[in-house]
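Understanding the architecture of this molecule
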Amino acid sequence: MAVTIRRLEEFDEVENFDCGDEPLNNYLKRHAWTNQEKVSIGVTYAAVDESAPRTVLGYFTLATSSVPRDRFPQKYVRGLPPYDLPLILLARLAVDKRFSGRGLGHAMIAEALKITLRVADEVGCRCIITDAYPDKAGWYARYGFLPLEGASATGPQKMFLDVRTIRRASSIDSFLPERA
Amino acid sequence: MPRAVKEKSKKAATLPAKTPTPRKTKFQADLAPSEDSMVRVLKAELQMTSNTDFLSDALALFRWAVSERKRGHRIVSESSTGERKILLFPRLERVAPEVTLPHVDVQWTDKELESLAELASGQPAEPTNALIRAMRK
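Here's a quick rundown of the structure. (Residues numbered from 1 in each chain as written. Chains lettered and ligands numbered in written order. Predicted model: local features only at pLDDT ≥ 70, side-chain atom pairs only at ≥ 80, totals over all residues.)

Turning our attention to the overall build of chain A. Broken down by element type, chain A carries five helices and seven strands. The helix and strand sequence of chain A, counted from the amino end, reads β-α-β-β-α-β-α-β-α-β-β-α. In chain A, buried positions account for 38% of the 180 residues. In chain A, the proportion of contacts linking residues at least 24 apart, taken out of those at least 6 apart, comes to 61%. (Helix = DSSP H or I, 4+ residues; strand = E, 2+ residues; numbered from the N terminus. Buried ≥ 20, exposed ≤ 12 C-beta atoms within 10 Å, placed from the backbone. Contact = placed C-beta atoms within 7 Å.)

As C-alpha cells, then:
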C-alpha cells in the first residue's frame, strides 16, 4: 500500500467512505469540498492509495482560528504575547474502517503536524487544537496533545499541542525504531 | 369655498386616523420557457389560478424547508414500500448546522481558556517518541 496525502479534489470518491461514525462520514460526503473550495473555512486532506488514487481511505480537515487576548484570565496574560493567540484547528480526522490498523492515522496526523509547522513558519501560529472524542484522547496524547481542563463529561475533549514542541520534535535527529 | 367641500373637510377632521395598510411588493421574475411551463403545470395540478397564490404557497413550503434544515432536520420522502430518499438541495445545505462545524470560531468554556492560557504561557512540553517519529522527514 503506497499512501499519498493530498488536498481533497472535486472528483474524489467519497460516497463509500465509512469510518463507523456518521457525522464524520457525512462531513466528508456533503461538506468537505464545499467548505474547502467555496466558502474556504477549512481544508480537507485525503489519504489515497496509488492503486486507486481517487478513493479516499482517510481524511483530516484543518482550519485556522484565534483566541482574543482579552478572553484569557488576567493572571496568564503577562506570559502571552500582546496579540490574539493564533492557532490551527484539527477539525476532523477519520480513517475508513476497512483500512484501519495500517498506519493511516499516524500518516495523517504526521502530515497535519508538518502542515502546522509550515503554517507557523510562514504566517505564525502558536499551537494546534483538536476536539477529540473522549475514547480517542489517548491516541492524541501519544503525539503529545495535552487535554484542556473544562470539557463537559459527555462532550469532546479539547486537546492542545504547542508548536514549539512540534518544532523541537522536527529538529531531533532520532534513531527511534518505527514502532515503539 | 363651496359648501360641499367645506362639509367634506369637516367630516374628515372628525374621523379617526386610519392605520396605513402595508404596501404589497410586486414580484416579477424572468422565467425560461421550461420553467414557465413547469409553473403552469404545477398550477393546474394544484388547481391554482393566480400567480400570487402559487408564489405564496411555494414561499411557505420553502420557508418550512429552510427552518427544518436550520434545525439540523433532514427532509425525507418515503415511498409506500418504505424506500427513503433524502433531499439534498445545495442552497438548503448552506443553512444546515453541520456546515458551521469546522468554522474558525471555536467555542471555549472559561475553564478551557484558562487551561489553554496556562499551557500556552508556560514552557513547551518535551516531544513524545510518537511525535518525533511523526516529524521525521
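To continue, consider the environment of Ala137(A). Residues and elements named next belong to chain A. Mapping Ala137 onto the fold places it in helix H4 (residues 137-142). Along the chain, Ala137 and Pro156 lie 19 residues apart, while their C-alpha atoms are 9.0 Å from each other. Excluding residues within four positions of it along the chain, Ala137 makes contact with Ala132, Pro147, Gln157 and Met159.

Contact residues are listed per partner, giving 50 residues for chain A and 33 residues for chain B. Mapped onto the side of chain A that touches chain B, the elements with two or more residues apiece are helix H1 (22-37), strand S3 (52-67), strand S4 (85-95), helix H3 (104-122), strand S5 (127-132), strand S7 (157-162) and helix H5 (163-171) of chain A. If one sorts the elements of the side of chain A that touches chain B by residue count, H5(A) sits on top with six residues. By residue class, the composition of the side of chain A that touches chain B is 25 nonpolar, 14 polar and 11 charged. (Nonpolar A, V, L, I, M, F, W, Y, C, P; charged D, E, K, R; others polar.)

All names here are of chain A. By the criterion of burial, S4 is predominantly enclosed, with 10 of the 11 residues buried. Bridge analysis of S3 against S4 gives 10 bridges, and the strand direction is antiparallel. Bridge pairing links Ala63 to Leu89 in S4. Note: S4 against S5, four bridges, orientation parallel. For Ile88, the partnering residue across the bridge sits in S5 and is Ile128. (Pairing = 2+ DSSP bridges.)

Right, let's talk about the nonpolar core for a bit. Core analysis: the largest hydrophobic core is formed by 60 residues, its most contacted members being Tyr59(A), Leu90(A) and Phe160(A). Contacts of Tyr59(A), omitting those with residues within four sequence positions, involve Leu8(A), Leu28(A), Ala32(A), Thr44(A), Tyr45(A), Ala46(A), Ala47(A), Arg92(A) and Ala94(A). (Core = buried A, V, L, I, M, F, W, Y, C linked by C-beta atoms within 7 Å.)

With that out of the way, let us pick up H3(A). Residue and element names in this part refer to chain A. Taking 1.5 Å of rise per residue, the 19 residues of H3 would be expected to cover 27 Å, and the 27 Å separating its terminal C-alpha atoms lies within 8% of that figure. Those residues of H3 that sit buried are Leu104, Met108, Ile109, Ala112, Leu113, Thr116 and Ala120. Taken around the axis of H3, the buried residues stretch over an arc of 165°, which confines them to a single face. Across H3 from its buried face, at more than 90 degrees, point the exposed residues Arg118, Asp121 and Glu122. At the C-terminal side of H3, Gly124 shows a positive phi close to 95°. (Expected span 1.5 Å × (residues − 1). Arc of directions from axis to C-beta.)

Moving on to helix H5 (residues 110-121) of chain B. Residues spaced three or four apart along an α-helix face the same direction, because each turn holds 3.6 residues. Along its 12 residues, H5(B) runs 16 Å from first to last C-alpha, staying within 8% of the 16 Å computed at 1.5 Å per residue. Of all the positions in H5(B), only Glu112(B), Ser115(B), Leu116(B), Ala117(B), Leu119(B) and Ala120(B) are classed as buried. Its buried side turned inward, H5(B) meets S3, helix H2 (74-77), S4, S5, strand S6 (146-147) and S7 of chain A.

For sheets, the rule is that strands pair by backbone hydrogen bonds, running either parallel or antiparallel. All names here are of chain A. A sheet is described by the order of its strands in space; here seven strands give the open sequence S1-S2-S3-S4-S5-S7-S6, paired in mixed fashion. Edge strands, defined here as strands with exactly one partner in the open sheet, are strand S1 (3-7) and S6. Bridge count for S6 against S7 is two bridges, and the pairing is antiparallel. Pairing of Leu146 across the sheet is with Phe160, part of S7. Against the sheet, H1 makes contact with strand S2 (43-49), S3 and S4, and its axis sits at roughly 70° relative to S3, the strand it touches most. (Axes fitted to C-alpha atoms, helices over the stretch in contact; angles between N-to-C directions.)

Our focus in this paragraph is the packing of H3(A) against H5(A). Residues and elements named next belong to chain A. With their axes 10 Å apart at the nearest point, H3 and H5 run at an angle of 110° to one another. By the angle class used here, H3 and H5 are roughly perpendicular. Residues Leu113, Thr116, Leu117 and Ala120 of H3 lie in contact with H5, whose contacting residues are Val163, Ile166, Arg167 and Ser170. Among the residues making up the contact of H3 with H5, the classes are represented as five nonpolar, two polar and one charged. (Parallel < 35°, antiparallel > 145°, perpendicular 65-115°, else oblique.)

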